[in-house]
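This is what each chain is made of:
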Amino acid sequence: MELIAQEEIVPRIFSMVLKGEMVVQMLPGQFLHIRVPDGSKLLRRPISISEIDPETQTCRLIYRIEGGGTAIFSQLPIGSKLSVMGPQGNGFDLTNLGQGQKALIIGGGIGVPPLVQVAKQLHEQGVEVEVVVGFATKEAVILEEKLSQVAHVTVTTDDGTYGTKGYVSTVIDKMDQEFDAIYSCGAPGMLKYVNTKFHDHPRAYISMESRMACGMGACYACVLKVPESETVSQRVCEDGPVFRTGTVVL
């Protein structure tokens, strides 16, 4: 794929736009496994897909600099060609949702980007979308404006410097409305909360992020345990990254 745009949207977090034919195959919640153009970096980096535009064959990825590989991505010049595996994994199930129905989207930190396309597509389907996203502090808030175009958005910050002080649970625990579907992605602690609170909801989903090697289910480096089983496991890259609540142990 070709890198056609890149910018730093907040410190250490970059928006990257890639162009290529595989965009038409992408679904909300999937990820790309990208080779770092450096011979010393052996493993590809998994990055979630934030937005998809099949008409222009472009997609937007938003990533945080975590180490040497992502630092190299941030310095690539426009026009760079990247070796990309994908789209990888199973996306969010957005089927059979439409006018008169409500969906709750829950995101935290760098887990917010893959939820943007979910919100956009649900809005296009006529679903009323409620979004609750949490960040550490005001300087870390991303994508609020983008999400506000298609949903009602509530922002929380751990330190209270922006929006509601507290965690996403501070807002969600006070909600008295029912939702037809729930979609979430974020830090392990937040996902554990969602997995517990909506354990029995028929359409509640969590998207996991994990270190992985092969990215296609062969190496078993990114496995999660299944409730009440010592032998069965689920691979984040192949069986996920999206799982129904209550189906994996966090």
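It should be noted that the structure appears before, not after, this text.
Computed from a prediction, not measured in an experiment: that's the story for all the values here. Sequence positions are assigned chain by chain, starting from 1 and proceeding in written order. It should be noted that, the model being predicted, local features are given only for residues of pLDDT at least 70 and side-chain atom pairs only at 80 or more, the latter also being counted only at that level, while totals for whole chains, interfaces and linings use all residues. Neither water nor hydrogens contribute to the side-chain values; these are computed over all heavy atoms in the structure.

1. Let's talk about the sheet that holds strand E2 (residues 13–19)
This is how it is decided: A pair of strands is labelled paired if DSSP reports no fewer than 2 bridges between them. Strands here mean DSSP runs of E at least two residues long; helices mean DSSP runs of H or I at least four residues long; both are numbered from the N terminus. To get an axis, a line is fitted to the C-alpha atoms, and for a helix only the part in contact is used. The angle between two axes follows their N-to-C directions and goes from 0 to 180 degrees.
In space, the six strands of this open sheet follow the order E1-E2-E5-E4-E3-E6, with antiparallel pairing throughout. Here the strands that pair on one side only, and so sit at the sheet edges, are strand E1 (2–10) and strand E6 (84–88). Averaged over all neighbouring strand pairs, the angle between strand axes comes to 30°, with direction disregarded. Here strand E3 (residues 31–34) pairs with strand E4 (residues 45–53) via four bridges, running antiparallel. The residue of E4 that forms the bridge with His 33 is Pro 46.

2. Overview of the packing of aromatic side chains
The criterion, for reference: When two rings of Phe, Tyr or Trp (its six-membered ring) have centres within 6.5 Å they constitute a pair, described as stacked for plane angles under 30 degrees, edge-to-face for angles over 60, and tilted for the intermediate range. The buried label applies to any residue whose accessible area, calculated with a 1.4 Å probe on protein chains only, is under 20% of its type's maximum; exposed applies above 50%, and partly exposed to all values in between.
The tally for this structure, following the rule as stated, stands at four aromatic pairs. With a centroid separation of 6.2 Å and an interplanar angle of 80°, the aromatic rings of Tyr 63 and Phe 73 are classed as edge-to-face. A residue pair is termed long-range when its members are at least 10 positions apart, and Tyr 63 in strand E5 (residues 58–64) and Phe 73 in helix H1 (residues 68–74) qualify at 10 residues. With respect to class, Tyr 63 is no different from Phe 73; both count as buried. Judged by centre distance (5.5 Å) and plane angle (85°), the rings of Phe 92 and Tyr 183 are edge-to-face. Taken together, the positions of Phe 92 in the loop between E6 and strand E7 (102–108) and Tyr 183 in strand E11 (residues 181–185) put the pair 91 residues apart, joining distant regions of the chain. On the accessibility criterion, Phe 92 (7% relative accessible area) is buried. Grouped by ring-pair contacts, the aromatic residues Phe 14, Tyr 63 and Phe 73 constitute a single cluster.

3. A closer look at the nonpolar core
In plain terms, the rule: The criterion is simple. A nonpolar core is a set of buried Ala, Val, Leu, Ile, Met, Phe, Trp, Tyr and Cys residues joined through side-chain atoms within 4.5 Å. Whether two residues are in contact is decided by their heavy atoms: any pair within 4.5 Å suffices.
Ranked by size, the top nonpolar core spans 33 residues in total, and within it Ile 105, Leu 122 and Tyr 183 carry the most contacts. Mapped onto this core, the elements with two or more residues apiece are E7, helix H2 (114–124), strand E8 (128–135), strand E9 (152–157) and E11. Here this core takes five residues from H2, the largest share from any one element. Setting aside residues up to four positions removed in sequence, Ile 105 forms contacts with Leu 115, Val 118, Ala 119, Leu 122, Val 129, Glu 130, Val 131, Val 132 and Tyr 183.

4. Details of the pattern of salt bridges
Where charged atoms from two side chains of opposite charge approach closely, those side chains can pair. We apply this condition: The salt bridge criterion pairs a side-chain nitrogen of Lys or Arg with a carboxyl oxygen of Asp or Glu, the two atoms within 4 Å.
Here the structure, examined in full by the defined rule, presents seven salt bridges. Residue Glu 51 is joined to Lys 120 by a salt bridge in which the shortest nitrogen-to-oxygen separation is 2.9 Å. Taken together, the residues Glu 51 in strand E4 and Lys 120 in helix H2 connect sequence positions 69 residues apart. With relative accessibility at 22%, the residue Lys 120 sits in the partly exposed group. Between Glu 51 and Lys 146 there is a salt bridge, with the nearest N and O atoms lying 3.5 Å from each other. Placement of the pair is Glu 51 in strand E4 and Lys 146 in helix H3 (residues 144–148), with a sequence separation of 95 residues.

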